[in-house]
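Structural description and commentary
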Amino acid sequence: MVSSEQRRRQLAREKYERQAQRRAEAHAARKRRNTILGASLAVVVLAGGGALVGTGAFDSKDKQDDRSAAQAAPTADAEPTTPTRKPVEGCADPAPGAPNGKQWQAEPAMTVSGGTYTATLDTNCGKVTIALDAAKAPHAVNSFAFLSGEQYFDHTKCHRLTTGGIYVLQCGDPTASTTNPGGTGGPGYKFADENLTGATYPAGTVAMANSGPGTNGSQFFLVYKDTKLDPNYIPFGKITGGLDVLQKIAAAGTLEGGTDGHPMADVTLNAVTTAKG
């Protein structure tokens, strides 16, 4: 027969094991999130105004989170909480539907010719129009036009908002969701860099996100405020309408409350189209 003291010890041991498992799961989740975020645009602004690009950019945050978890471990016995979205003025519920998730083995054949193409992002927070520059960035514009023609962008989330040091909204990952920060999804092909010489990123710039040289796919970012970045991201368009939509999204901040995370607004590309002229 089990004594009351043995039962107490058993319960204490089981409680400790539950806490240890939760700490291990939380640590693994943080590492997965940082790896995913680091594989996309992955820019962290330093005190001196420079930026780091690459999967190591979030190392310092990861270590800080580890220390915080270790300090809280002795008393941690609560389930982790999920941030709650707040309504954002001008944003409606996303249109019903899901990304089609199509994949291709190779970059699409060139079909665009020199000149300007107009892309329209119909988001649940408003419409954004973009003049795409096929003369300077033909491969980026050709890929964007191809993907939008395949409805690849439809119902995808704009999964990342940065509001400190750099000012961009990142979109184009069909795998992105509230639980998956995104950053690794793409169309299955990658294409080479172009139009990088002297590249700058003032407000209104549209550029390709990447995880290093020659890794352009479907992800892109919209600059809503003048931003300083190294010329590593293909500028391929300029916003001609809807910059105020992006600024409104940015003003609502991130879901997590920091300067880099999911937009508080559940920004979704209901439909994306591209036309010449």
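Everything numeric in this text was worked out from a predicted model, so none of it was measured.

1. Details of the pattern of salt bridges
- As enumerated under the stated definition, the model contains four salt bridges in all.
- Measuring nitrogen to oxygen at the nearest pair gives 3.1 Å for the salt bridge that ties D266 to K157. In this pair, D266 sits in the loop between β11 (260-261) and β12 (268-276) while K157 sits in strand β5 (residues 156-157), placing the two residues 109 residues apart along the sequence.
- Look at K157 and you get partly exposed, because its relative accessible area is 22%.
- Several salt bridges share partner residues, and in doing so they unite R85, K157 and D266 into one network.

2. Let's talk about the environment of Q170
- Following the sequence through the fold, Q170 ends up in strand β7 (residues 166-171).
- Look at Q170 and you get buried, because its relative accessible area is 0%.
- Separated by ten residues in sequence, Q170 and R160 have C-alpha atoms that sit 5.0 Å apart.
- A polar contact of 2.8 Å, which involves the side chain of Q170, links it to the side chain of Q219.

3. Details of the packing of aromatic side chains
- As enumerated under the stated definition, the model contains eleven aromatic pairs in all.
- When the ring of W104 is compared with that of Y152, the centres are 5.9 Å apart and the planes differ by 55°; the resulting orientation is tilted. On the criterion of sequence distance, the pair formed by W104 in the loop between α2 (59-72) and β3 (116-123) and Y152 in the loop between α3 (138-149) and β5 is long-range, its members being 48 residues apart.
- What makes Y152 buried here is its relative accessible area of 0%.
- Above the face of the Y167 ring, K225 is positioned so that its terminal group lies 4.5 Å from the ring centre.

4. Here we look at the nonpolar core
- L121, I130, F144, L169, F220, L222 and F236 are the most contacted members of the largest nonpolar core, which totals 44 residues.
- Top contributing element to this core by residue count: α3, with five residues.
- Not counting residues up to four positions away in its chain, the partners in contact with F144 are A119, L121, L132, F153, F220, F236, V272 and T274.
- The next biggest cluster of nonpolar side chains, apart from the first, holds ten residues, and it includes Y201, A209, V223 and L229.

5. Things to note about the state of the cysteines
- A full pass over the atoms with the stated rule returns two disulfides.
- Across the disulfide from C91 sits C125; the S-S distance is 2.1 Å. One disulfide, between C91 and C125, carries an S-S torsion of 115° and so falls in the right-handed class. Placement of C91 in the loop between α2 and β3 and of C125 in the loop between β3 and β4 (126-133) is noted, with a sequence separation of 34 residues between them.
- The exposure class assigned to C91 is partly exposed, which follows from its relative accessible area of 23%.
- Disulfide pairing is shown between C158 and C171; the S-S distance is 2.1 Å. Between C158 and C171, the S-S torsion sits near 100°, and that sign places the bridge as right-handed.

Cut-offs applied
- Residues numbered from 1 in each chain as written.
- Predicted model: local features only at pLDDT ≥ 70, side-chain atom pairs only at ≥ 80, totals over all residues.
- Heavy atoms only, no water.
- Salt bridge = Lys/Arg side-chain N within 4 Å of Asp/Glu carboxyl O.
- Helix = DSSP H or I, 4+ residues; strand = E, 2+ residues; numbered from the N terminus.
- Buried < 20%, exposed > 50% of the residue type's maximum accessible area, 1.4 Å probe, protein only.
- Polar contact = N/O pair within 3.5 Å; in protein donor to acceptor, adjacent residues only side chain to side chain.
- Phe/Tyr/Trp six-rings, centres within 6.5 Å; stacked < 30°, edge-to-face > 60°.
- Lys NZ or Arg CZ within 6 Å of the ring centre and 35° of its normal.
- Core = buried A, V, L, I, M, F, W, Y, C linked by side-chain atoms within 4.5 Å.
- Contact = heavy atoms within 4.5 Å.
- Disulfide = S-S within 2.5 Å.

Purely spatial values, then, with no claim about function.
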